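Read off the chains here:
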Amino acid sequence: DAGVTQSPTHLIKTRGQQVTLRCSPKSGHDTVSWYQQALGQGPQFIFQYYEEEERQRGNFPDRFSGHQFPNYSSELNVNALLLGDSALYLCASSPRLAGWKRAQYFGPGTRLTVL
Amino acid sequence: ELKVEQNPLFLSMQEGKNYTIYCNYSTTSDRLYWYRQDPGKSLESLFVLLSNGAVKQEGRLMASLDTKARLSTLHITAAVHDLSATYFCGNYGGSQGNLIFGKGTKLSVKP
């Protein structure tokens, strides 16, 4: 049973560019959340998707957008990259019906470096 | 708005010693989650605490939750080098998706 997978593993971009990160949830999970983790910090919630719609959003600008596909996989898009966007981007999945009772399962992350 | 605070942020221990990591949160909640992160790796779920007085143990780690004090503890017994990692506690801010984490406790266990 594959866990949460993310691609690519590493990415280097320059300021002003756009980037797309991808996530496939754990089998049986229908909800995907994205987090940004700056070096030495805890993960910060970006947004959550289920039923192909953004359901919750953290304190991130509109440059951050996402999508969820019918197979529950998800993309995170970041436009007009800034140096401060350099971070580890984590995708987490969970089964929505389990509610609070289950922990979110995190993927290995995508390390984004903006030069 | 929920805030989660951990202390200490850095912890250097000798093998064989015991220590406790503390996690305080600012709003009423009856759940708390502990994760482990190894350097350059993702977060691994350790414990899910879902009620006041909940206690869970795995190996040398034991987590507990006091919802009245808004406090969770992660107790390390007879530390070994393999426990060296960063430990995060987290709680849901307002919805199922909005998991808010503390800054993490970086644990280093030395021989």
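Residue positions are counted from 1 within each chain, in the order its sequence is given. Both sets of labels track the order of writing: A upward for chains, 1 upward for ligands. Whole-chain, interface and lining totals are the exception, using all residues; otherwise, since this is a predicted model, local features are given only for residues with pLDDT of at least 70 and side-chain atom pairs are given and counted only at 80 or more. No hydrogens and no water enter the side-chain calculation; it runs on all heavy atoms of the structure.

This next bit is on the overall build of chain A. Of the regular secondary structure elements, chain A holds zero helices and 11 strands. Along chain A, helices and strands appear, N-terminal first, in the series β-β-β-β-β-β-β-β-β-β-β. Radius of gyration here uses only the C-alpha atoms, and the compact-globule reference equals 2.2 Å multiplied by the residue count raised to the power 0.38. Relative to the compact-globule value of 13 Å for 115 residues, chain A shows a C-alpha radius of gyration of 13 Å, a close match. For chain A, the spread of C-alpha atoms along the principal axes amounts to about 40 × 25 × 25 Å. Note on definitions: a residue-residue contact is assigned when non-hydrogen atoms from the two residues lie within 4.5 Å. Sequence-distant contacts, at least 24 apart, represent 54% of the contacts inside chain A between residues at least 6 apart. A 1.4 Å probe and the Shrake-Rupley method give the accessible areas. Residues count as covered only by the protein chains that appear here. As displayed, chain A offers around 5,600 Å² of accessible surface, 49% of which is attributable to carbon and sulfur atoms. Side chains of chain A give 11 positive and 9 negative charges; the mean places of these two sets differ by 7 Å. Numbering of helices and strands runs from the N terminus, with a helix taken as a DSSP run of H or I at least four residues long and a strand as a DSSP run of E at least two residues long. When charges are counted, neither His nor the chain ends are considered; positive counts come from Lys and Arg and negative counts from Asp and Glu. A single reference atom marks each charge: NZ on Lys, CZ on Arg, CG on Asp, CD on Glu.

Right, let's get into the side chain of B:Gln37. Following the sequence through the fold, B:Gln37 ends up in strand E4 (residues 32–37). Relative accessibility decides the category of a residue: with a 1.4 Å probe and only protein chains considered, values under 20% of the type maximum give buried, values over 50% give exposed, and everything between is partly exposed. What makes B:Gln37 buried here is its relative accessible area of 9%. Side-chain atoms alone can form a polar contact between residues adjacent in sequence; in general such a contact is a pair of N or O atoms within 3.5 Å, and within protein one must be able to donate a hydrogen while the other accepts it. Polar side-chain contacts of B:Gln37 include one of 2.9 Å to the side chain of A:Gln37. Other than its neighbours up to four places away in sequence, B:Gln37 contacts A:Gln37, A:Leu88, B:Ser42, B:Leu43, B:Ala85, B:Thr86 and B:Phe88.

Quick look at the interface of chain B and chain A now. Accessible area lost when the parts come together is the quantity often used to give the size of an interface. Taken together, the 20 residues of chain B in the interface contact 24 residues of chain A. Values labelled buried area give the accessible surface lost by two parts on being combined, using a 1.4 Å probe and summing over both. Interface of chain B and chain A: buried area, both sides summed, is about 1,800 Å²; carbon and sulfur atoms make up 55% of it. We define a salt bridge as a contact between a side-chain nitrogen of Lys or Arg and a carboxyl oxygen of Asp or Glu at a distance within 4 Å. For the pair chain B and chain A, the number of links is zero salt bridges. Between the two partners, chain B and chain A, sit three residue pairs in polar contact (both at pLDDT 80 or more). Residue assignment for the side of chain B that touches chain A shows that the elements contributing at least two residues are E4, strand E5 (43–49), strand E9 (85–92) and strand E10 (99–101) of chain B. Only Asp, Glu, Lys and Arg are considered charged, only Ala, Val, Leu, Ile, Met, Phe, Trp, Tyr, Cys and Pro nonpolar, and every remaining residue, Gly among them, polar. The residue makeup of the side of chain B that touches chain A, split by class, is nine nonpolar, eight polar and three charged.

Working definition: a ring pair exists when centres of Phe, Tyr or Trp rings (six-membered ring for Trp) sit within 6.5 Å. Plane angles under 30 degrees give stacked, over 60 give edge-to-face, the rest tilted. Evaluated as defined, the whole model comprises 10 aromatic pairs over all chains. For the pair A:Tyr35 and A:Phe106, a centre-to-centre distance of 5.4 Å together with 45 degrees between the ring planes defines the contact as tilted. Taken together, the positions of A:Tyr35 in strand E4 (residues 31–37) and A:Phe106 in strand E10 (residues 105–106) put the pair 71 residues apart, joining distant regions of the chain. Looking at A:Tyr35, the relative accessible area reads 0%, which means it is buried. Where A:Phe47 meets A:Tyr49, the ring centres are 5.3 Å apart and the plane angle is 85 degrees; that geometry is what we call edge-to-face. Put simply, the rings of A:Tyr35, A:Phe45, A:Phe106, B:Tyr35, B:Phe88 and B:Phe101 touch in pairs and so form one group of aromatic residues. Its end group placed over the ring of A:Tyr105, A:Lys26 keeps NZ or CZ at 5.2 Å from the ring centre. Distance and angle both matter: a charge sits over a ring if NZ of Lys or CZ of Arg is within 6 Å of the ring centre and within 35 degrees of the ring normal.

Turning to the state of the cysteines, a few remarks are in order. Throughout this description, disulfide means a covalent bond between two cysteine sulfur atoms. Whenever a pair of cysteine sulfur atoms sits within 2.5 Å, that pair is classed as a disulfide. Counted by the stated rule, this structure contains two disulfides over all chains. Here A:Cys23 connects covalently by a disulfide to A:Cys91, the sulfurs 1.8 Å from one another. Disulfide A:Cys23-A:Cys91: torsion about the S-S bond near -55 degrees, hence left-handed. Of this pair, A:Cys23 sits in strand E3 (residues 19–24) while A:Cys91 sits in strand E9 (residues 87–94); the two residues are 68 residues apart in sequence, bridging distant segments of the chain. Across the disulfide from B:Cys23 sits B:Cys89; the S-S distance is 2.1 Å. Because the torsion about its S-S bond is 90 degrees, the bridge between B:Cys23 and B:Cys89 counts as right-handed. With B:Cys23 in strand E3 (residues 19–25) and B:Cys89 in strand E9, this residue pair connects regions lying 66 residues apart in the sequence. Accessibility assignment for this pair places B:Cys23 and B:Cys89 in one class, buried.

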